[in-house]
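Chain by chain, the residues:
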Amino acid sequence: MLCVRGVTKQIGGLRAVSGVDLDIGDNEIVGLVGPNGAGKTTLLNMISGISTPTAGSITFCGEEIGGLSADRICRKGIAKTFQIAESFPNLSALECTMVGALFGNHGAAGMAQAREEATAILVSVGFPMEKKDTAIRNLNVVELKRVQLSRALASKPKLLLLDELTTGLNPKESGEAVDLIRTIRDMGRSILIIEHVMSVIMGVSDRIVVLDHGEKIAEGFPYEVVNNQRVIDTYLGDLHAF
Amino acid sequence: METVAGLNRNASGSVTFLGEEILHQPPYGIFRKGLALVPEKREIFAKMPVVENLLLGAGANAGYEKTLEHVYSLFPILSERKNQLAGTLSGGEQQMLAIGRALMSEPKLLILDEPSTGLSPLLVGQVFRSLEQLGREGMTILLLEQNVRHALELCHRGYVLENGRIVKEGKARDLLHDPQIQKAYLGF
Ligand SMILES: Nc1ncnc2c1ncn2[C@@H]1O[C@H](COP(=O)(O)OP(=O)(O)OP(=O)(O)O)[C@@H](O)[C@H]1O
Ligand SMILES: [Mg+2]
């Protein structure tokens, strides 16, 4: 479904992403991990059109999308949640999700339909519905994450990019998030997920890709990657935060 | 914790710090008395360079240059990026900055709201070990964590807050082995 070849992002003197190859198949969940500052968010930003690659190619369903604007890429069926949430501080949780429903891949026909779809999605991701009319800026971190996921799902993506969605959840809530992510995949979506919580990454990923200093240093099944000495030395350390 | 740090104006009750009532004091006054907070949402100054964010955290600490060296040794990337605008740092780098800024004043009481958020497993380990070290050197630490196991392994005592109420408190070791807590928070 997604095919990334030799993608590079130069920011001033820093090569934040350097010649990365990455594939995501239909219905696949791929985990993306690596040290802080490795270039994971930068790579997702290029796939979703938030930034333009300096070099390389990104094809989605057979079509080159590298360098297209974010709105066009969203309409082609790629949606993203943000690591640092700051969109629409004054909209309510429901309105924010409606934006996704109205805008996305197969946009809702009108406000009434968008409201209906948005409500159903907020419920499905476990958002506390008594807060559906609360302004985004007054939500706590966990609620914000759920709204982000709802907004992304409301655009009916084929490929969902999740940037640290489960950060800030306790182990029990993370377990629930793992189930939720699997359910989303079972609805016929592919997922690329960045996460530092290894129990989540290990729980959902079919395959894991590891970046360090902008380069891909390892790739494979979860158990292969967590036993890779270079990954242990640069990323996992001796105190696995499982 | 925001109430303790003076960020919540309409709270009632009482908070004493070093024997003095601080509930209705302004946040900068509480900070000057020696209480520093690592906020959950980080609240870094996005349009300012890394080093200026850190210096702002120093407050009245006369020995801030030495503390800055210590923060840089804890998080070398902050030293490499000292002139980068804080808002362009990666998520985990911003978290390091928020922790580093709170350390800059060498507070008597350090409150950390989910410090492990967004850090790599390697760095979570490092940060927790540093907190242990700071504790041994005499700093008092209040740690809010969803990383329940590691938090309880590090701390002496713990409180469990549910829906705005303390529902349990005790020695961290006892809480770690409490079946109810294991079920509710550790996912057993
Ligand atoms: N505008 C910029 N100017 C300078 N450096 C930048 C800029 N934008 C990003 N960077 C740097 O690029 C590197 C890659 O950042 P990125 O956000 O992709 O990291 P990441 O892998 O997502 O890390 P984390 O796990 O901490 O979220 C970081 O070191 C960051 O500081
Ligand atoms: Mg990131």
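Quick look at the structure, then. (Residues numbered from 1 in each chain as written. Chains lettered and ligands numbered in written order. Predicted model: local features only at pLDDT ≥ 70, side-chain atom pairs only at ≥ 80, totals over all residues.)

Observations concerning the overall build of chain B
In step 1: Along its length, chain B carries 9 helices and 7 strands.
In step 2: Based on the C-alpha atoms only, the size of chain B along its principal axes is roughly 50 × 40 × 30 Å.
In step 3: Counting the 188 residues in chain B, one finds 37% classified as buried. (Helix = DSSP H or I, 4+ residues; strand = E, 2+ residues; numbered from the N terminus. Buried ≥ 20, exposed ≤ 12 C-beta atoms within 10 Å, placed from the backbone.)

Quick look at the site of ligand 1
In step 1: Near ligand 1 lie 22 residues; those nearest to it are Gly37, Thr41 and Thr42 of chain A together with Ser90 and Gly92 of chain B.
In step 2: Flanking ligand 1 are residues from chains A and B.
In step 3: Listed by contribution, the elements that provide at least two residues to the shell around ligand 1 are strand E2 (14-24) and helix H1 (40-47) of chain A together with helix H5 (91-103) of chain B.
In step 4: Among the residues making up the shell around ligand 1, the classes are represented as 5 nonpolar, 14 polar and 3 charged. (Near = placed C-beta within 6 Å. Nonpolar A, V, L, I, M, F, W, Y, C, P; charged D, E, K, R; others polar.)

Observations concerning the interface of chain A and chain B
In step 1: The interface is formed by 24 residues belonging to chain A together with 25 residues belonging to chain B.
In step 2: Mapped by element, the contributors of at least two residues to the side of chain A that touches chain B are helix H6 (171-186) and helix H9 (229-236) of chain A.
In step 3: If you tally residues by element for the side of chain A that touches chain B, the top one is H6 of chain A, at 3 residues.
In step 4: For the side of chain A that touches chain B, the per-class residue count stands at 10 nonpolar, 11 polar and 3 charged. (Contact = placed C-beta atoms within 7 Å.)

So, the sheet that holds strand E7 (residues 159-163) of chain A
All names here are of chain A.
In step 1: If you trace the 6 strands from one edge of the open sheet to the other, you get E6-E7-E8-E3-E9-E10, paired in mixed fashion. The open sheet has two free edges, formed respectively by strand E6 (78-80) and strand E10 (215-220), since each of these has just one partner strand. Averaged over all adjacent pairs, the angle separating strand axes in this sheet is 20°, with direction ignored.
In step 2: Here E6 runs beside E7; their pairing, made up of 3 bridges, is parallel. Across the sheet, the residue bridging to Lys80 is Leu161, located in E7. (Pairing = 2+ DSSP bridges. Axes fitted to C-alpha atoms, helices over the stretch in contact; angles between N-to-C directions.)

Some points on H1 of chain A
All names here are of chain A.
In step 1: Counting buried positions along H1 yields 8 of 8 residues, so the element is predominantly enclosed.
In step 2: Looking only at H1, the buried set comprises Lys40, Thr41, Thr42, Leu43, Leu44, Asn45, Met46 and Ile47.
In step 3: Residue Gly49 follows H1 closely and has a positive phi angle near 85°.

Notes on the packing of helix H3 (residues 93-103) of chain A against helix H5 (residues 141-154) of chain A
All names here are of chain A.
In step 1: One can describe the packing of H3 onto H5 by two numbers: an axis separation of 6 Å at closest approach and a directional angle of 25°. Judged on the interaxial angle alone, H5 and H3 are roughly parallel. The chirality of how H3 crosses H5 is right-handed. Where H3 approaches H5, its residues Ala93, Cys96, Thr97, Val99, Gly100 and Ala101 are matched on the opposing element by Val147, Ser150, Arg151, Ala152 and Ala154.
In step 2: Residue composition of the contact of H3 with H5, by class: 7 nonpolar, 3 polar and 1 charged. (Parallel < 35°, antiparallel > 145°, perpendicular 65-115°, else oblique. Left-handed = near helix turned anticlockwise from the far one by under 90°.)

A short note on the pairing of strand E1 (residues 2-11) of chain A
Residue and element names in this part refer to chain A.
In step 1: Looking at chain direction, E1 and E2 are connected through 7 bridges and run antiparallel. Directly across from Val4, in E2, lies its bridge partner Leu22.
In step 2: The hairpin formed by E1 and E2 contains 2 residues between the paired strands, and Gly12 there has a positive phi angle of roughly 55°.

Quick notes on the sheet that holds E1 of chain A
Residues and elements named next belong to chain A.
In step 1: Judged by pairing direction, the sheet is antiparallel, and its 4 strands sit side by side in the order E2-E1-E4-E5 without closing on themselves. A single partner strand is all that each edge strand has here, and the edge strands are E2 and strand E5 (63-64).
In step 2: As paired strands, E1 and strand E4 (residues 55-60) are joined by 5 bridges and run antiparallel to one another. Counted as the bridge partner of Cys3 is Thr59 from E4.
In step 3: The strands touched by H1 are E1, E2 and E4; relative to E1, the strand with the most contacts, the crossing angle is about 120°.

Regarding the packing of helix H4 (residues 111-124) of chain A against H5 of chain A
All names here are of chain A.
In step 1: Where H4 meets H5, the axes come as close as 9 Å, and the angle between the chain directions of the two elements is 135°. Taken as axis vectors, H4 and H5 run oblique relative to one another. Regarding H4 and H5, the two cross each other, and that crossing is right-handed. Here Glu117, Ala118, Ile121 and Leu122 of H4 lie close against H5, whose contacting residues are Ser150, Leu153 and Ala154.
In step 2: For the contact of H4 with H5, a count of residues per class yields 5 nonpolar, 1 polar and 1 charged.

Some words on unusual backbone geometry
Residue and element names in this part refer to chain B.
In step 1: One non-glycine residue, Arg42, adopts positive backbone phi at about 70°.
In step 2: Positioned with a positive phi, Glu43 is a non-glycine residue whose angle comes to about 50°.
In step 3: Structurally, the position occupied by Glu43 is in the loop between strand E3 (35-38) and helix H2 (50-56).

Regarding the environment of Gly87 of chain B
In step 1: Tracing the chain through its elements places Gly87 of chain B in the loop between helix H4 (76-80) and H5.
In step 2: Ignoring any residue separated from it by four or fewer positions in sequence, one finds Gly87 of chain B in contact with Ala46 and Lys47 of chain B.

Observations regarding the pairing of strand E4 (residues 109-113) of chain B
Residues and elements named next belong to chain B.
In step 1: Burial within E4 is extensive, with 4 of its 5 residues counted as buried.
In step 2: The pairing of E3 with E4 spans 4 bridges and is classified as parallel. When the sheet's bridge partners are listed, Leu35 is paired in E4 with Leu109.
In step 3: Sheet topology places E4 next to strand E5 (residues 140-144); 5 bridges connect them, and they run parallel. Counterpart to Ile111 in the pairing with E5 is Leu142.

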